[in-house]
Amino acid sequence: MAPTIGDRQFTDSSIITNFVINRGNGVKGLSEMGLKAPPKPYIQPLEERLCISKIVPQQSIPIIDMSHWKNPQVASAVCDAAEKWGFFQIVNHDVPVEVLDNVKDATYRFFDLPADQKNKYSKENSASNNVRFGTSFSPEAEKSLEWKDYLSLFFVSEEEASMLWPPVCREQVLDYIRRTEVVIKKLLQMLMEGLNVKEIDDTKRSLLMGSIRTNLNYYPICPDPELTVGVGRHSDVSTLTILLQDEIGGLYVRGNQGDGDNWIHVPPIKGSLVINVGDALQILSNSRYKSVEHRVIANGTKNRISVPIFVNPKPTDIIGPLVEVLQNGEKPIYKQVLYSNYVKHFFRKAHDGKKTVEFAEI
Ligand SMILES: CC(C)(COP(=O)(O)OP(=O)(O)OC[C@H]1O[C@@H](n2cnc3c(N)ncnc32)[C@H](O)[C@@H]1OP(=O)(O)O)[C@@H](O)C(=O)NCCC(=O)NCCSC(=O)/C=C/c1ccc(O)cc1
Ligand SMILES: O=C(O)CCC(=O)C(=O)O
Ligand SMILES: [Fe+2]
């Protein structure tokens, strides 16, 4: 017999939505009931499941050692990876491993809170849109739900964070952002030099790193990971995303071989950070740097967490190909778009691969 919530059989999708979404139990609450199979709303159509034959085990994204970051070879490796892969890992980046461990512990602390505590930060209850606890990406728009809960923290100021962010993780997330900012600046400087942008002035700084959103992602144990997704295929809307993952694995990036229907695992490396180009940098660079599709498969025996920092333009910025990039006579592929409109378009629909960027195409 299917597990029950109260006296109702756990097959009715409205009961699941109520338990998971409205009452703040999240998919973590479902997972902890020890279900034998994922409930129907979580079953993905065949075309969205990651078939093992599409995984290319012999390939991997570049791993870049940042210890001698002033060496031009490092800049050239970063620009090369951003062009060809859109994804790379960095090691020896100077963000202390304790800072990373602390933010991982803080993530567990938040998700281990009782449902009613976490639900204070839900879309309905949160004191601000800048703090949101939720599940899946866009439950209202999705045909099948993702096996993921999240806390999303949009940074406005330390003062606002101290009033609005959950105390169990606030300081650790702020510390992670502060320490990572140094490496973000180095990477952006290298990427801009690769585009012939000599100086990052205030306008460019805003376009490249004017706003920061940090998500704490929690992927609970899934009874049948092959039938579900942790995160569906998508590209990020950021300029750059800095991702901290734990030791479990499960992140896959679209490969660039053959017809492109192949996926590469991003292996966890202790102390490393995964970097990926987002749509905003693809647009600013007129497609020199590529935002690449990726997805997450939940684990059958372990809970997994990840903590992406999305480095973005300011919502009020207008983004389009940079003049420096078009100086050589290159035709612009993208029009000028208001970044908040771009983000709204992204949040309004279910994940759908690289579809969001079409919003900015000429
Ligand atoms: C322009 C925004 C996006 C919307 O503002 P708004 O029009 O005043 O309205 P809301 O804040 O009420 O949000 C509108 C819709 O956006 C969605 N949304 C608003 N934040 C959120 C939120 N953190 N989460 C998931 N829905 C949201 C949400 O669906 C919501 O729909 P609804 O409440 O049903 O009307 C505004 O929040 C804003 O300027 N935010 C700052 C810019 C910003 O967030 N940049 C971050 C870009 S990177 C990023 O977030 C990547 C996230 C991501 C996440 C998961 C992934 O799998 C992959 C990537
Ligand atoms: O959990 C991961 O490894 C990646 C998550 C992701 O792609 C995202 O939050 O945008
Ligand atoms: Fe992502």
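Definitions and cut-offs
Residues numbered from 1 in each chain as written. Chains lettered and ligands numbered in written order. Predicted model: local features only at pLDDT ≥ 70, side-chain atom pairs only at ≥ 80, totals over all residues. Heavy atoms only, no water. Salt bridge = Lys/Arg side-chain N within 4 Å of Asp/Glu carboxyl O. Buried < 20%, exposed > 50% of the residue type's maximum accessible area, 1.4 Å probe, protein only. Helix = DSSP H or I, 4+ residues; strand = E, 2+ residues; numbered from the N terminus. Axes fitted to C-alpha atoms, helices over the stretch in contact; angles between N-to-C directions. Left-handed = near helix turned anticlockwise from the far one by under 90°. Contact = heavy atoms within 4.5 Å. Nonpolar A, V, L, I, M, F, W, Y, C, P; charged D, E, K, R; others polar. Near = heavy atom within 4 Å. Polar contact = N/O pair within 3.5 Å; in protein donor to acceptor, adjacent residues only side chain to side chain. UniProt positions renumbered as here; feature names shortened; annotations may be inferred. Pairing = 2+ DSSP bridges. Donors = N, O, S within 2.8 Å, 3.2 Å for Na, K, Ca; no water. Phe/Tyr/Trp six-rings, centres within 6.5 Å; stacked < 30°, edge-to-face > 60°. Lys NZ or Arg CZ within 6 Å of the ring centre and 35° of its normal. Disulfide = S-S within 2.5 Å. 1 Å grid on protein atoms, 1.4 Å probe; cavity = no way out; pocket = protein on both sides within 12 Å on 5 of 7 lines; lining within 4 Å. Points joined across faces, edges and corners; volume = space filled by probe spheres on them.

S.K.: I tried to follow the pattern of salt bridges on my own but got confused; where do I start?
M.R.: Should their charged atoms come close, side chains of opposite charge can pair. As enumerated under the stated definition, the model contains 18 salt bridges in all. A salt bridge links Glu32 to Lys28; the nearest nitrogen and oxygen atoms lie 2.9 Å apart. For Lys28, a relative accessible area of 7% translates into the label buried. Residue Lys84 is joined to Asp80 by a salt bridge in which the shortest nitrogen-to-oxygen separation is 2.9 Å. Taken together, the positions of Lys84 and Asp80, both in helix H3 (residues 72–84) and four residues apart, correspond to about one turn of that helix. For Lys84, a relative accessible area of 47% translates into the label partly exposed. Because the salt bridges share partners, they merge into one network encompassing Glu48, Lys54, Arg233, Arg254, Asp261 and Glu293.

S.K.: How should I be thinking about the packing of helix H4 (residues 97–111) against helix H7 (residues 170–193) in this particular structure?
M.R.: Angle between the axes and distance between the axes are the two parameters that describe a pair of packed helices. Contact pair H4 / H7: the axes reach a minimum separation of 8 Å and the direction vectors enclose 145°. Crossing angle aside, the handedness with which H4 passes H7 is left-handed. Seen from H4, the contacting residues are Val99, Leu100, Asn102, Val103, Ala106 and Arg109; seen from H7, they are Gln172, Val173, Asp175, Tyr176 and Arg179. Residue composition of the contact of H4 with H7, grouped by class: six nonpolar, two polar and three charged.

S.K.: Explain the site of ligand 2 here, please?
M.R.: Around ligand 2 sit Asn217, Tyr219, His234, Asp236, Leu243, Leu251, His294, Val296, Arg304, Ser306, Pro308 and Phe310, and that is every residue in its neighbourhood. One nitrogen or oxygen atom from the side chain of His234 is found 3.1 Å from an oxygen atom belonging to ligand 2. His294 places a polar side-chain atom, nitrogen or oxygen, 3.0 Å from an oxygen atom of ligand 2. Put simply, the parts of the chain that give the shell around ligand 2 at least two residues each are strand E7 (211–219), strand E13 (294–296) and strand E14 (304–312). Per element, the largest residue contribution to the shell around ligand 2 is four residues, and it comes from E14.

S.K.: I keep staring at the UniProt feature "domain: Fe2OG dioxygenase" (unreviewed entry) in the protein chain and nothing clicks. Help me out?
M.R.: Those residues carrying the UniProt feature "domain: Fe2OG dioxygenase" (unreviewed entry) are residues 205–313 in this numbering. Taken end to end, residues 205–313 is 10% helix and 39% strand, and its first and last C-alpha atoms sit 8 Å apart.

S.K.: Help me understand the side chain of Thr356 in this model?
M.R.: By secondary structure assignment, the location of Thr356 is in the segment after helix H11 (339–348). Those residues in contact with Thr356, other than ones at most four positions away along the chain, are Val237, Asp279, Tyr342, His345, Phe346 and Lys349.

S.K.: What am I meant to see in the pairing of strand E10 (residues 251–254) here?
M.R.: Side-chain positions along a regular strand alternate between the two faces of the sheet. Bridge analysis of E10 against E13 gives three bridges, and the strand direction is antiparallel. The residue of E13 that forms the bridge with Val253 is His294. Relative to strand E11 (residues 263–265), E10 runs antiparallel, the two sharing three bridges. When the bridges of E11 are listed, Tyr252 appears paired with His265.

S.K.: Explanation requested: the coordination of the iron ion (ligand 3) in the structure shown.
M.R.: Of the protein atoms, only His234 (NE2), Asp236 (OD) and His294 (NE2) coordinate the iron ion (ligand 3), at distances of 2.1 to 2.2 Å. Within one chain, the residues serving as donors to the iron ion (ligand 3) are arranged as H-x1-D-x57-H.

S.K.: What is the right way to look at the packing of aromatic side chains in this model?
M.R.: Overall, the coordinates contain 13 aromatic pairs when judged by the stated rule. An angle of 65° between the planes, with centres 6.0 Å apart, marks the rings of Tyr342 and Phe359 as edge-to-face. Of the two residues, Tyr342 is situated in helix H11 and Phe359 in the segment after H11; the sequence distance between them amounts to 17 residues. Members of the aromatic cluster, joined through ring pairs, are Tyr108, Phe110, Phe111, Tyr121, Phe133 and Tyr218. Above the face of the Trp263 ring, Arg295 is positioned so that its terminal group lies 4.3 Å from the ring centre.

S.K.: I keep staring at the state of the cysteines and nothing clicks. Help me out?
M.R.: Covalent bonding between the sulfur atoms of two cysteines defines a disulfide. One pass over the structure, following the stated rule, counts zero disulfides. In this model Cys51 remains outside any disulfide bridge; the closest cysteine sulfur is found in Cys222, 17 Å from its own. Residue class for Cys51 comes out partly exposed when judged on its relative accessible area of 36%. On the accessibility criterion, Cys222 (0% relative accessible area) is buried.

S.K.: Which parts of the structure should I look at to understand the layout of surface pockets?
M.R.: Rolled over the atoms, a probe sized like a water molecule indicates the empty space that remains. For the second largest pocket, the calculated volume is near 360 Å³. As for the second largest pocket, its lining consists of 15 residues, of which Gln44, Glu48, Lys143, Ala350 and His351 are closest to the centre. Split into classes, the residues belonging to the lining of the second largest pocket amount to four nonpolar, four polar and seven charged.

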